[in-house]
Amino acid sequence: MQTTNSATTLIIGAGPAGMRCAETLARAGRRVVLIGDEASPPYDRVALSRWLADEITQADLITHDPARLAALGISFHGGSRVTAIDPARHQVATADGGVIGYDTLVLATGSRAIRLALPGAQLANVLLYRTLDDVRAMIDATGDGGRAIVIGGGLLGLEAAAGLAARGMAVTVLHAVDRLMERQLDQRASRRLSGHLAARGITIIENAASSAILGEDRACGVVLDDGRVLPAELVVMAVGIAPEASLARAAGLLVARGIVVDGQMRSSRNDIFAIGECAEFQGQCVGLVLPALAQAEIAARAICGEAATWQPATDSAALKVAGAPVWSAGLVECADGEQITLDDPDGAYRRLLLRQDRLVGAVLFGETADAAWYMRLIRDCAPIGALRETLPFGPAYQEAAP
Ligand SMILES: Cc1cc2nc3c(=O)[nH]c(=O)nc-3n(C[C@H](O)[C@H](O)[C@H](O)COP(=O)(O)OP(=O)(O)OC[C@H]3O[C@@H](n4cnc5c(N)ncnc54)[C@H](O)[C@@H]3O)c2cc1C
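The structure contained in this document is the topic of the report that follows.

Some remarks on the sheet that holds strand 6 (residues 99-101)
Where strands meet in a sheet, backbone hydrogen bonds hold them as pairs that are either parallel or antiparallel. Read from one edge to the other, the open sheet built from 3 strands follows the order 4-5-6, with strand pairing classed as antiparallel. With one partner strand each, in any of the chains shown, strand 4 (82-86) and strand 6 form the two edges of the open sheet. Direction aside, the axes of adjacent strands within the sheet are offset by 25° on average. Summarising the sheet, strand 5 (residues 91-94) and strand 6 pair through 3 bridges and their orientation is antiparallel. When the sheet's bridge partners are listed, Val 92 is paired in strand 6 with Ile 100.

Below, the structure written as structure tokens:
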């Protein structure tokens, strides 16, 4: 993809999707302006959990420092918030009073973390888990050890809990339903995971509905709706995300949950694209980094005049910290399917879901080295046939079988 067009593409949002789109366009010779409201140069949001767990440093997070951005020819405005889009004039306004023009606009504004509307939710030391600044605040709060409560036992909540525990806090996770990571794990895998985290000193309370955060200025505990009071010096909410589509909505673009786009990531206006977690394609918003990056590349190619269409693919998820060997892909429940389970109480747990002789979902706990092989089977969508007998034992067994 190489063009000589000097028209300017303005990208709002310097997260992974915005950065990938900027880099792809710059490499194709386009003039790119990238504007993001976070003060840091573009960084690896996915790796925040590793920083929180003290496995890497803050500097390791940075993917594109100013020198690299300059070498790519990308004009980067960090710490600058876009407050309005004027689609008729082809320009945007920024919080510091600036106005920037564009020929093509790409919205890569991502998601914002949801803050539960509980009494006390605005107290100091009630933090969210989304940005570098959030993690900086969490690390600062771990200084004296103490007790932390994480509200939310999904993937992010558990990574937050593991990181805070690694930094010496006594951590309790409150989860609203009866199964950790219920979107990715079945009941048995979730039980295994609870045991694994408990062995690392993390307390898990399931079916726990928080009703208030206690404290005067700072949080000092959480009240559950059954009346229990759990003291804590730090409360982290990891209860979900919402697409950041407010700019698009105010500018009159078609917005449902996210900014509605077609397969080329084009919004309801021809010269405005939306990519990553802020975009909605066929009723779905993505929530993981790989599809966000794929969308960024599709939009860049469309801006350069290439015909490319985004196709949603099956997602997978894994916990990155706490040494938790857990991986899941595709469906977790399938009413018209069948399941094959391998359950060694002291070893591996594998649950494979099949529908019409195709693998449609897999959960692995204890041993995840075969994840890529199962992922390929799900994506290929080919009949399992004779593989069925040995499927839970993984590819090594297939090769060894006569
Ligand atoms: C702790 C953590 C761990 C994660 N781990 C994984 C993982 O293991 N695997 C995985 O696939 N995904 C993971 N994710 C999710 C992944 O980070 C997201 O899917 C990805 O960041 C989405 O990229 P994006 O560019 O669409 O949005 P974002 O990363 O949200 O970037 C959007 C950017 O736009 C900025 N912005 C918004 N509005 C404006 C405005 N008006 N003006 C200027 N800038 C604006 C935002 O501040 C932000 O910097 C994790 C997320 C977190 C928080």
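Examining the site of the ligand
Taken together, 28 residues are adjacent to the ligand, and Asp 37, Glu 38, Arg 45, Glu 277 and Lys 320 come closest. Here a nitrogen atom of the ligand sits 3.0 Å away from a polar atom, N or O, in the main chain of Val 82. Glu 277 places a polar side-chain atom, nitrogen or oxygen, 2.5 Å from an oxygen atom of the ligand. Protein chains bury 93% of the 1,000 Å² of accessible surface belonging to the ligand in isolation. Partitioned by chemical class, the residues of the shell around the ligand number 11 nonpolar, 10 polar and 7 charged. Mapping the shell around the ligand onto the domain boundaries places at least three of its residues in each of domain 1 (8-112 + 241-303) and domain 2 (126-237).

Quick word on the pairing of strand 25 (residues 358-365)
Most of strand 25 sits inside the fold, with 7 of its 8 residues counted as buried. Strand direction decides the pairing type here: strand 22 (residues 326-330) and strand 25, joined by 5 bridges, are antiparallel. Note that in strand 25 the partner of Gly 330 across the bridge is Gly 361. Two strands pair when backbone bridges link them, and strand 24 (residues 349-355) and strand 25 are joined in this way by 7 bridges, in the antiparallel orientation. Of the residues in strand 25, the one forming a bridge with Tyr 349 is Phe 365. Once strand 24 ends, the chain turns through 2 residues before running back antiparallel as strand 25, passing Gln 356 with a positive phi of about 50°.

Here's the deal with the environment of Asp 336
Considering the arrangement of structural elements, one finds Asp 336 in the loop between strand 22 and strand 23 (338-343). Judged by relative accessible area, which is 54%, Asp 336 ranks as exposed. Residues Asp 336 and Gln 356, spaced 20 residues apart in sequence, show a C-alpha to C-alpha distance of 8.9 Å.

Let's talk about the sheet that holds strand 9 (residues 126-128)
If you walk across this open sheet you meet the 5 strands as 9-16-10-11-12, and the pairing is parallel. Strands at the two margins of the open sheet, each flanked by one partner only, are strand 9 and strand 12 (203-205). On average, adjacent strands in this sheet sit at an angle of 20° to one another, irrespective of strand direction. Sheet topology places strand 10 (residues 147-151) next to strand 16 (residues 234-237); 4 bridges connect them, and they run parallel. Each residue of the ladder has a partner; that of Ile 149, found in strand 16, is Val 235. Packed onto the sheet, helix 6 (residues 155-166) meets strand 10, strand 11 (170-174) and strand 16 and runs at close to 170° relative to strand 11.

As for helix 9 (residues 289-303)
Because each turn of an α-helix spans 3.6 residues, side chains separated by three or four positions end up pointing in the same direction. Taking 1.5 Å per residue as the helical rise, helix 9 with its 15 residues ought to reach 21 Å, and the 21 Å between its terminal C-alpha atoms agrees with that figure. Turning to helix 9, its buried residues are Pro 291, Ala 292, Leu 293, Gln 295, Ala 296, Ile 298, Ala 299, Ala 300, Ala 302 and Ile 303. Close packing links the buried residues of helix 9 with strand 1 (8-12), helix 1 (16-27), strand 7 (104-107), strand 19 (272-274) and strand 20 (279-281). One or two positions beyond helix 9, positive phi appears at Gly 305, with a value near 90°.

Thresholds, definitions, all that
Residues numbered from 1 in each chain as written. Predicted model: local features only at pLDDT ≥ 70, side-chain atom pairs only at ≥ 80, totals over all residues. Heavy atoms only, no water. Pairing = 2+ DSSP bridges. Helix = DSSP H or I, 4+ residues; strand = E, 2+ residues; numbered from the N terminus. Axes fitted to C-alpha atoms, helices over the stretch in contact; angles between N-to-C directions. Near = heavy atom within 4 Å. Polar contact = N/O pair within 3.5 Å; in protein donor to acceptor, adjacent residues only side chain to side chain. Areas by Shrake-Rupley, 256 points an atom, 1.4 Å probe, with all protein chains shown as cover. Nonpolar A, V, L, I, M, F, W, Y, C, P; charged D, E, K, R; others polar. Domains from an automatic or database assignment. Buried < 20%, exposed > 50% of the residue type's maximum accessible area, 1.4 Å probe, protein only. Contact = heavy atoms within 4.5 Å. Expected span 1.5 Å × (residues − 1).

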